[in-house]
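Descriptive analysis of the structure
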Amino acid sequence: MEVLVNNKLYAVQQGTTIAALLQFIQLSSQKGIAVAVNSQVIPRSDWEQQLLAAADNVTIIRATQGG
């Protein structure tokens, strides 16, 4: 199945969780990120259980420091 992640199409297997997706795109060890699926923010505590569906639109936001 395919999901859209920050406007880039990824092919993932059925049953892929948010945590598995982040590992696949090498962001699992990143701190300061937030994930929304279809414009709904998903709490970090749900990433291991939240399954993705075909055509989901995933937005990953990274916090940055500035000043």
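Residues numbered from 1 in each chain as written. Predicted model: local features only at pLDDT ≥ 70, side-chain atom pairs only at ≥ 80, totals over all residues. Heavy atoms only, no water.

1. Here's the deal with the environment of Q30
By secondary structure assignment, the location of Q30 is in the loop between helix 1 (18–24) and strand 3 (33–37). On the accessibility criterion, Q30 (33% relative accessible area) is partly exposed. (Helix = DSSP H or I, 4+ residues; strand = E, 2+ residues; numbered from the N terminus. Buried < 20%, exposed > 50% of the residue type's maximum accessible area, 1.4 Å probe, protein only.)

2. Some points on the packing of aromatic side chains
In this structure the tally under the stated criterion is 1 aromatic pair. When the centroid spacing of 6.2 Å and the interplanar angle of 80° are considered together, the rings of Y10 and F24 count as edge-to-face. With a gap of 14 residues between them, Y10 in strand 2 (residues 8–11) and F24 in helix 1 connect regions that are remote in the sequence. (Phe/Tyr/Trp six-rings, centres within 6.5 Å; stacked < 30°, edge-to-face > 60°.)

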